[in-house]
Amino acid sequence: MPFSVGKAMFTIIAIFTSVAPYLADWSITHVKNPKWPPHARFHNGQTMTTGLLIGLLILYYVHLASPQTTAQKKTNICLTMAFVIDVARPEDLAELTSVIFRSHEGKDHYVNCAYPDNLSPEGQSQALKKLQAIASAAEDSLWLKATDPTTGKTVGAAIWTTFMTRKPASDASKKTNDEQGSRNEEYVKQLNASIVQAGAEFWKNNALPLTSLFSRFTEFK
């Protein structure tokens, strides 16, 4: 098969993955350690064998396996991954917002305070506008969705935001949402202030470019 940089890199990784565990662990500090009980040695051997098999599979698929069709590749990905990760389309954003807030089941006081009535359609509509505003403030933002390939249901959501040339605005004195009334307990206010303060310190003390991730998964059923 023709040489390529990609194949060379995968080959090096495969050899390292296969050999390194045995070089590191087949010694008095691990497998031959007399202080280790048999069960601990079993799991160490299990990990070493896993590395060897993964390395051999990489070598097989890189150098020996016949070219696959796109459909076969997608099938293999679905078989080896619990979920399929894909870039969300604009029409997916409302569903992703619902996924994000269903993951909290209405039990997170801070989320309830920052996003009132987040389990209702009206509350999620308002939350979607907030999340879109946060994402649009970045110079580059990416919404991802995780789908269960067996049911086709969206079970997870993530928002990547990247700031390349300017840092996001942050107000350490930001208050919680007064619309929450009785839910505006003092500890929730303090929690909000601490989170905002931590964010402000992070943006202040780190150089550009900066990337943040917000992700949530629903309960798997």
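Keep in mind it's a predicted model, so treat the numbers as computed, not measured.

**What about the UniProt feature "transmembrane region" (unreviewed entry) in the protein chain?**
Step number 1: The UniProt record annotates "transmembrane region" (unreviewed entry) at residues 6-24 and 45-64.
Step number 2: Taken end to end, residues 6-24 is 100% helix and 0% strand, and its first and last C-alpha atoms sit 27 Å apart.
Step number 3: In the segment residues 45-64, helix accounts for 95% and strand for 0%; the C-alpha atoms at its two ends are 27 Å apart.

**What to know about the packing of aromatic side chains**
Step number 1: Scanning the model with the defined rule gives one aromatic pair in all.
Step number 2: With a centroid separation of 5.2 Å and an interplanar angle of 75°, the aromatic rings of Y60 and Y61 are classed as edge-to-face.

**Some words on the environment of S120**
Step number 1: Locating S120 in the fold gives a position in the loop between α5 (109-114) and α6 (121-136).
Step number 2: Of the residues examined, S120 reaches a relative accessible area of 22% and is grouped as partly exposed.
Step number 3: For S120 and F101, which are 19 residues apart along the polypeptide, the C-alpha to C-alpha distance reads 9.8 Å.

**Observations regarding the pattern of salt bridges**
Step number 1: For the structure shown, the criterion picks out three salt bridges.
Step number 2: The salt bridge involving R89 is made with E91; its shortest N-O contact spans 3.7 Å.
Step number 3: For R89, a relative accessible area of 45% puts it in the partly exposed group.
Step number 4: Given the relative accessible area of 55%, E91 is considered exposed.
Step number 5: One salt bridge in this structure joins R89 and D92, with 3.3 Å as the shortest N-O distance.

Reading the values: the criteria
Residues numbered from 1 in each chain as written. Predicted model: local features only at pLDDT ≥ 70, side-chain atom pairs only at ≥ 80, totals over all residues. Heavy atoms only, no water. UniProt positions renumbered as here; feature names shortened; annotations may be inferred. Helix = DSSP H or I, 4+ residues; strand = E, 2+ residues; numbered from the N terminus. Phe/Tyr/Trp six-rings, centres within 6.5 Å; stacked < 30°, edge-to-face > 60°. Buried < 20%, exposed > 50% of the residue type's maximum accessible area, 1.4 Å probe, protein only. Salt bridge = Lys/Arg side-chain N within 4 Å of Asp/Glu carboxyl O.

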